[in-house]
Every structure is written in C-alpha cells, then in structure tokens.
Amino acid sequence: MSEGLIQVVSIGWVFLALPGLSLLEAASCRSGSSQAILLKNWVQIGAGFILWWLLGYGFAFGEVDKGFIGTQYFAGNDWEGTEHYIKAVLYGLLGLISLLIVNIGLLERLNWWGSIVFSVVNLAWIYPVALAWVSEGWLQELDFINRGATLTLYVLSATLVIPALWFVKYRVGVEPGTMPLPNNNVLVVLGTLLTWLAILGINYSEAGTIEQVGVALWNSFLAGGASAAFSCLLVLFMKHDMYEIWMAMLKGLLGGLVAVSSVATNCEPYEAFIVGAVSGLVFAPTLKFVKKLKWVDDGHDTIATFFIPGVLGVLLAGVFDKDLGVLNEGSWSNLGVQLAGLGAVAAWGLLNSTVLFAVLRYTKVLTLGKDVQENGLNSAQLKAGGFERPE
C-alpha cells in the first residue's frame, strides 16, 4: 500500500473526530443546549474549512518564506497533482478538530458569533502559521518531530483554551471545582469511541508502509491502555467516586493516544507503554490541580486530556524516537529542538488566544447571557425565525 493510499484511508478515520467531539460536547452540556450546540459546530466547521481553503493552506504549505509563513497556493491556486488535495483535506480536518477541542473546553459559554469568528481566525491564521513552522519552516529545518500532529493539534488547541477560560469565566449554575454530570452517558461513550478511532487514524496518517501502520496502531493501543489503567488506579487511590473513575478511564485512554502520537510509528512497544504509563500517572494530579483553580471551568478537561499529554508527547519524542531520540540515534540537541518548538508554538497559541478572546469580550460577542445559559441554547436560538416550530 502506497503512502498516498494510506493517507486517504486515514482521512476516513480522522473525520470521525468531527461527530465524535460534537457528540461529546452535546452530551456533556445541559440537555436544553444539545441541539443548538450540534448545529453551531457544523456552522463552525463550514466557515472554518472555507477559510482554510482561501488562506490557511497557503500560509501552511505555500513555499514558506524565511521559515515563518507560506506565500502561495491560496484558494486552490496551483494545486496540481493529488498531493495538495490530500494534504489539504487531512490537515484541514486536523484544523477543524482543533476548533472542537476548544469548544469542549469552553462548554456552554461561547456566543454563536464568537464561535464563528474564532473558527475563521484559527483556520485562516493561528493554526496555519504553527503548521508552517513544523512542516516547511524553521522548526522543520531543525528536524523537529511532529508526527501525529502532537504539537500543532493537541498542544496548540489547549493553549488556545487556557486564556479563553479566563475570559469566559464559570458556567452559570456550576460550582467551582465540581464536575457536572453529562446529560447523556451513552453519547459520551459513543463520542469518545469515535474520537479514539480518529486519533488512531491521525497516529498512522504519516506511515510510509503497511507495516508502519500496524506498528502505529499497536503502539497506540499499548499507550492508550496503559494510560487508562494508570489513570483509573491513581484516581481510585485518591478516593474519587465511581463516575470520576469512569471518566478517568475514558479521558485517560485519550490522553495516552495523544501522548504517543509523535512516536507511534517510530518507537518500540515497551517505549510506547512507558509513554502511556507516564501520561496516565500525570492525568489525575493534573485534573485535581485544575479543579482547584477557581477561575478555570475546563468543560471537558482539555488541559488534562490534551495539553499535558501533548506536552509529554512532544518531549518524549526527543527521548524515544528511533531516529532522533536521545536513547537511540539522536542527541541532546534534538531534545532541545523539541523543547524550543514546544515553547514557540505554546507562546503563539497563548498570545493569539489572549488577543482574540479579549477583543471578543470587549465587543460583547464572546459569551452567552446568564438567562440563556440557565434556560438552554435550544429555546433561545432554535425558536427564532425559520427554526421556530409551528404550534
């Protein structure tokens, strides 16, 4: 199987994250908001993908000038051959996934207009610039390891969430440090399962041979299983209730898949197990620490599920990668490159998020009103104009 065909197949897997994360968001909010949230997400996806076509792809892959940003291939111009189309679809989907990761972090609070503005800015500017650095730019020249989009998807998305949490504050009716129950546990499990499959697809999307696909899947299962097991054991040791143990298993497995993403195709199975175990061991302490922060209402624990595992994945790639890891063929300078790339992209995400969400808050299009949050988005937004059902 050729590398191009492997990417085409993986695109089908990666697409599953769109319904998966959307179902997670809809099932985790109050039941009166679930329908409107699903509709909002698909509007964001449509707007985001258009801007990815018009500007984003060109900024990310268009002959990156001086290692910073691309300067051609805008709006499909000069997309000759299948390479550009496949890359545009795959990395466009990853950009859309970043939108949905931010959505589940800011659960129930984003205004529709704020959501659309964020989608446009992220797919047209924030995500493409970071992608340019690692795919064609200065980090790529330094041999930075970004297989599985560990840095440009998981770390970047979570760094966009962190400043936004400060601006949107707590959900109405949610006590600081608590974990509200979802409105539909079945959809939470289904959404998580679809997201697992999507991350598996991401992890093997850059495989060159069918053997590497098998290696990526096996290592991902090992890391995910180890992370889920250690997450559950640590949460149980910390004497949490059964619901929190259940959530630790679901989110801990996601964290393990994220953590191993950079080396899934290029490490030994025991190394993948170590990566997953480390991810699982830090999940519960991270979750407990975030819950103690009175200004943070991380709707679906994106910091513990995506940010910390993503950071681990970036750094441990500099340790375990067969070609560039310090335990194999690499050197400490390679680990330094991983650290530098992590710092640069995290700073890029934090800076852009702070500016964007500050502007949205100042212009009063960031958050929903208290009455809307209490009564639900469905009644406030789906019973207006053409969406109103006849009596």
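All figures in this text were calculated on a predicted structure; none of them were measured in a lab. (Residues numbered from 1 in each chain as written. Predicted model: local features only at pLDDT ≥ 70, side-chain atom pairs only at ≥ 80, totals over all residues. Heavy atoms only, no water.)

1. Points about the nonpolar core
Within the largest apolar cluster, 115 residues are counted, with the highest numbers of intra-cluster contacts made by Trp52, Leu94, Ile97, Leu106 and Phe357. For this core, the leading source of residues is helix α4 (residues 82–105), giving 13 residues. Those residues in contact with Leu106 that sit more than four places away from it in its chain are Val161, Ala164, Leu165, Val168 and Phe357. Listed in part, the 7 residues of the second largest apolar core include Cys29, Ile37, Leu107 and Leu377. (Core = buried A, V, L, I, M, F, W, Y, C linked by side-chain atoms within 4.5 Å. Buried < 20%, exposed > 50% of the residue type's maximum accessible area, 1.4 Å probe, protein only. Helix = DSSP H or I, 4+ residues; strand = E, 2+ residues; numbered from the N terminus. Contact = heavy atoms within 4.5 Å.)

2. Comments concerning a nonpolar patch on the surface
Where nonpolar side chains cluster on the molecular surface, the patch consists of Ile50, Trp53, Leu54 and Leu55 and spans about 340 Å² of accessible area. Looking at where Trp53 falls in the secondary structure, it is placed in helix α3 (residues 34–61). Given the relative accessible area of 40%, Trp53 is considered partly exposed. (Patch = residues over 30% accessible without salt bridge, like charges linked within 9 Å, V, L, I, M, F, W, Y side chains within 5 Å. Areas by Shrake-Rupley, 256 points an atom, 1.4 Å probe, with all protein chains shown as cover. Salt bridge = Lys/Arg side-chain N within 4 Å of Asp/Glu carboxyl O.)

3. A few points about the packing of helix α12 (residues 302–320) against helix α13 (residues 332–362)
When two helices pack together, their arrangement is given by the angle between their axes and by how far apart the axes lie. Where α12 meets α13, the closest approach of the two axes is 8 Å, and the angle between their N-to-C directions is 160°. The angle between α12 and α13 falls in the class roughly antiparallel. Where α12 crosses over α13, the two elements pack in a sense that is right-handed. The segment α12 lies against α13, with Val311, Val314, Leu315, Ala317, Gly318 and Val319 engaging Leu335, Gln338, Leu339 and Leu342. (Axes fitted to C-alpha atoms, helices over the stretch in contact; angles between N-to-C directions. Parallel < 35°, antiparallel > 145°, perpendicular 65-115°, else oblique. Left-handed = near helix turned anticlockwise from the far one by under 90°.)

4. A few points about the packing of aromatic side chains
When we look at a pair of aromatic rings, we describe it by the centre distance and by the angle of the planes. Counted according to the given criterion, the structure contains 18 aromatic pairs. Where Trp52 meets Tyr57, the ring centres are 5.9 Å apart and the plane angle is 85°; that geometry is what we call edge-to-face. Here Trp52 and Tyr57 have matching classes, each one buried. The structure contains a cluster of three or more aromatic residues connected by ring pairs, namely Trp52, Tyr57, Phe61, Trp79, Tyr85, Tyr91 and Tyr127. (Phe/Tyr/Trp six-rings, centres within 6.5 Å; stacked < 30°, edge-to-face > 60°.)

5. Considerations on the pattern of salt bridges
For the structure shown, the criterion picks out 10 salt bridges. With a shortest N-O distance of 2.5 Å, Asp321 and Arg147 are connected by a salt bridge. With a gap of 174 residues between them, Asp321 in the loop between α12 and α13 and Arg147 in the loop between α6 (138–141) and α7 (150–168) connect regions that are remote in the sequence. Measuring nitrogen to oxygen at the nearest pair gives 2.9 Å for the salt bridge that ties Asp297 to Arg171. Taken together, the positions of Asp297 in the loop between α11 (269–292) and α12 and Arg171 in the loop between α7 and α8 (185–204) put the pair 126 residues apart, joining distant regions of the chain. One salt-bridge network, in which partners are shared between bridges, spans Arg30, Glu108, Arg109, Arg171 and Asp297.

6. Details of the environment of Gly191
Structurally, Gly191 is set in helix α8. Separated by 147 residues in sequence, Gly191 and Gln338 place their C-alpha atoms 31 Å apart. Dropping the residues within four chain positions of it, Gly191 is found in contact with Gly20, Leu23 and Leu24.

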